[in-house]
Amino acid sequence: QVQLVESGGGLFHPGGSQRPSCAASRNTFGITVFTIKDMGWYRQAPGNQRELVAAISPDGSTNYTDSVKGRFTISRDNAKTMVYLQMNNLKPEKTAVYYCNTDPYTDHYWGQGPQVTVSS
């Protein structure tokens, strides 16, 4: 069973920064498999559908949804099977639960996801 475990939630002020991280279990995922997967960070705000906000290919090519371009940076460490999302200039309207998954997503990889609340 592959596990993707996210961490890094909490309460943050508008304009603040946070870097959620995602650990892919290596016992079953394996470094070799991880290194060929496109990975993504998704978020789901209250009342909204889950959306892909950032994606990264095995070689580090990235894509972002327009609303986070210039503020969010996705990165990965293939040796550690980790994926990160540096979020700067957080905005209150983007309070959401953040998840990592493959891109496109795999249904049974969804984890609990950290809640990132942005409020003054």
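### Side note on the confidence of the model for the protein chain
Low-pLDDT stretches of the model should not have their predicted coordinates read in fine detail.
Stage number 1. Mean pLDDT for the protein chain: 89, with 92% of residues reaching 70 or above.
Stage number 2. Element-level pLDDT for the protein chain is lowest in helix α1 (residues 31–34), with a mean of 70, against a maximum mean of 98 in strand β6 (residues 62–64).

### Section: the pattern of salt bridges
Stage number 1. Under the criterion given, the structure shown has 2 salt bridges.
Stage number 2. As a salt-bridge pair, Glu51 and Arg43 come within 2.8 Å of each other at their nearest N and O atoms.
Stage number 3. For Glu51, a relative accessible area of 30% puts it in the partly exposed group.
Stage number 4. With relative accessibility at 2%, the residue Arg43 sits in the buried group.
Stage number 5. Asp66 is the partner of Lys69 in a salt bridge, and the nearest nitrogen-oxygen pair spans 3.0 Å.

### Details of the state of the cysteines
Covalent bonding between the sulfur atoms of two cysteines defines a disulfide.
Stage number 1. Scanning all chains against the criterion turns up 1 disulfide.
Stage number 2. The disulfide partner of Cys22 is Cys100, and the gap between their sulfur atoms is 1.8 Å. Taken together, the residues Cys22 in strand β3 (residues 21–24) and Cys100 in strand β9 (residues 96–102) connect sequence positions 78 residues apart.
Stage number 3. Taking the relative accessible area as the measure of exposure, Cys22 reaches 1% and is therefore buried.
Stage number 4. Residue Cys100 is classed as buried on the basis of its relative accessible area, which comes to 0%.

Rules used throughout
Each chain carries its own residue numbering, running from 1 in the written order of its sequence. The model is predicted, so local features are restricted to residues of pLDDT at least 70 and side-chain atom pairs to those at 80 or more, both for listing and for counting; the totals for chains, interfaces and linings are taken over all residues. Hydrogens and waters are ignored; side-chain quantities use all the structure's heavy atoms. pLDDT is a per-residue confidence score from the predictor, ranging from 0 to 100. Only runs of H or I of at least four residues qualify as helices and only runs of E of at least two qualify as strands under DSSP, and these elements are numbered from the N terminus. Within this document, salt bridges are pairs made up of a side-chain nitrogen of Lys or Arg and a carboxyl oxygen of Asp or Glu, the two lying within 4 Å of each other. Buried residues are those whose accessible area, probed at 1.4 Å on protein chains only, stays under 20% of the maximum for their type, while exposed residues exceed 50% and partly exposed ones sit between those limits. Disulfides are defined in this document as cysteine sulfur pairs within 2.5 Å.

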